[in-house]
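# Structural description and commentary
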Amino acid sequence: MNNQKTVLITGASAGIGRALAREFASHGYNLVLAARRKERLEVLQGSLTSDYHVRVDIYPVDLLQEDAPDRIMDFADREGISVDILINNAGMGYAGLFADMDWNSIKSILDLYIIATTRMTYLFLRRMEEKNHGTIVNIASTLAFAPTAGEDVYAASKAYILSFTQALYEETKHTGVSVLTICPGMTRTEFFDQAGYSLNNFNLAIPEQFAAFAYKKIIEKKPLSIHRLFNQAVALFARLSTRATARRAFAAACRTDSKD
Ligand SMILES: NC(=O)c1ccc[n+]([C@@H]2O[C@H](COP(=O)([O-])OP(=O)(O)OC[C@H]3O[C@@H](n4cnc5c(N)ncnc54)[C@H](OP(=O)(O)O)[C@@H]3O)[C@@H](O)[C@H]2O)c1
């Protein structure tokens, strides 16, 4: 059991974030949980506190607001919380042809996955470097490995997270701070309801399986982890194929037309 260490998880009110919160609490970590839905965070806070006797702070926040990362850090400072592990997990579903999407949805994807993730990483990395201690985990996706028609902005945002985070791993690898990427594949969460997918025929991972896997990889400080053998094979295929082959295969998997 680990005592006194604190993990901050964004997007903790549902799916993968909620499962990660339970996984870390079960290993004795204190938690700071951030997401927009306060009631859900309160329910989770109550259940984790009583099940695992850890300290759970909640911070309801909309990460689409530009100052949200700064406010999260101010909250931690005010409460005297030193964050040992930050997991940038908050996410929203997206599917459709680019020209058919409304601009606000596109901008939200960019703001959440690129701006908020980068700002959270910037603020907490600097703080962790002062102490020469800490871990930042950015959640990417199997779709980070190739351009994906029908998920264009989402996949490109995840490619940004993968590239950005791997570069930071190199910058920090000889210090006490680690910056890691973990890629889920398709996992049964509310994410797909939002994106409007029907998933009855898919063999999806469940969030608890992903969380157990992620916990192990974070403790090992593995720079890049991909959940499940199938997704590892998909990523390997993308890396070994030509760009055109990977592009066509990813488009076909997402069941949209890819134009040459
Ligand atoms: N599920 C998959 O198959 C899959 C595959 C690959 C990668 N991923 C990645 O895994 C991560 C978690 O996704 P999930 O499947 O667990 O999705 P989910 O069940 O829809 O949960 C998303 C979480 O993000 C929070 N969130 C969304 N917008 C937010 C905002 N503006 N401000 C603060 N919090 C916000 C949501 O909480 P509120 O609504 O309460 O704010 C919720 O807690 C995402 O980064 C996603 O891209 C998922």
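Refer to the structure above for everything that follows.
Here's what I pulled together on the structure shown here. (Residues numbered from 1 in each chain as written. Predicted model: local features only at pLDDT ≥ 70, side-chain atom pairs only at ≥ 80, totals over all residues. Heavy atoms only, no water.)

## A look at helix α7 (residues 207-220)
Over its 14 residues, α7 extends 20 Å from the first C-alpha to the last, a length consistent with the 20 Å expected when each residue adds 1.5 Å. Burial in α7 covers these residues: P207, F210, A211, F213, A214, Y215, K217 and I218. The secondary structure elements touched by the buried residues of α7 are α1 (15-26), β4 (85-88), β5 (134-139), β6 (177-183) and β7 (224-226). Following α7 by one or two positions, K221 has its phi on the positive side, about 60°. (Helix = DSSP H or I, 4+ residues; strand = E, 2+ residues; numbered from the N terminus. Expected span 1.5 Å × (residues − 1). Buried < 20%, exposed > 50% of the residue type's maximum accessible area, 1.4 Å probe, protein only. Contact = heavy atoms within 4.5 Å.)

## What to know about the packing of aromatic side chains
Here the structure, examined in full by the defined rule, presents 9 aromatic pairs. Ring centres 5.0 Å apart and planes at 70° place the aromatic pair F24 and Y215 in the edge-to-face group. Residue F24 is found in helix α1, and its partner Y215 is found in helix α7; the two are separated by 191 residues along the sequence. Summarising the burial analysis for this pair, F24 and Y215 share the class buried. When the centroid spacing of 5.5 Å and the interplanar angle of 10° are considered together, the rings of Y160 and F164 count as stacked. Here Y160 pairs with F164, and both are found in helix α5 (residues 152-172), just 4 residues apart, close to one helical turn. Three or more aromatic residues link up through ring pairs in this structure, and these residues are Y113, Y154, F191 and F192. (Phe/Tyr/Trp six-rings, centres within 6.5 Å; stacked < 30°, edge-to-face > 60°.)

## What about the packing of helix α3 (residues 68-78) against helix α4 (residues 103-131)?
The interhelical angle for the contact between α3 and α4, taken along N-to-C directions, is 35°, at an axis separation of 9 Å. Between α3 and α4 lies a crossing whose hand is right-handed. Where α3 approaches α4, its residues P69, D70, I72, M73 and D77 are matched on the opposing element by A116, R119, M120, L123, F124 and R127. Classifying every residue of the contact of α3 with α4 by side-chain character gives 7 nonpolar, no polar and 4 charged. (Axes fitted to C-alpha atoms, helices over the stretch in contact; angles between N-to-C directions. Left-handed = near helix turned anticlockwise from the far one by under 90°. Nonpolar A, V, L, I, M, F, W, Y, C, P; charged D, E, K, R; others polar.)

## Brief notes about the site of the ligand
Neighbouring residues of the ligand: 31 residues in total, closest S13, R36, R37, T187 and T189. The side chain of R36 places a nitrogen or oxygen atom 2.7 Å from an oxygen atom of the ligand. F191 has a polar backbone atom sitting 3.3 Å from an oxygen atom of the ligand. Coverage of the ligand by the protein amounts to 97% of the 880 Å² it exposes when considered alone. For the shell around the ligand, the secondary-structure elements that each account for two or more residues are α1, α4, α5 and α6 (191-195). Among the residues forming the shell around the ligand, the class breakdown is 17 nonpolar, 9 polar and 5 charged. (Near = heavy atom within 4 Å. Polar contact = N/O pair within 3.5 Å; in protein donor to acceptor, adjacent residues only side chain to side chain. Areas by Shrake-Rupley, 256 points an atom, 1.4 Å probe, with all protein chains shown as cover.)

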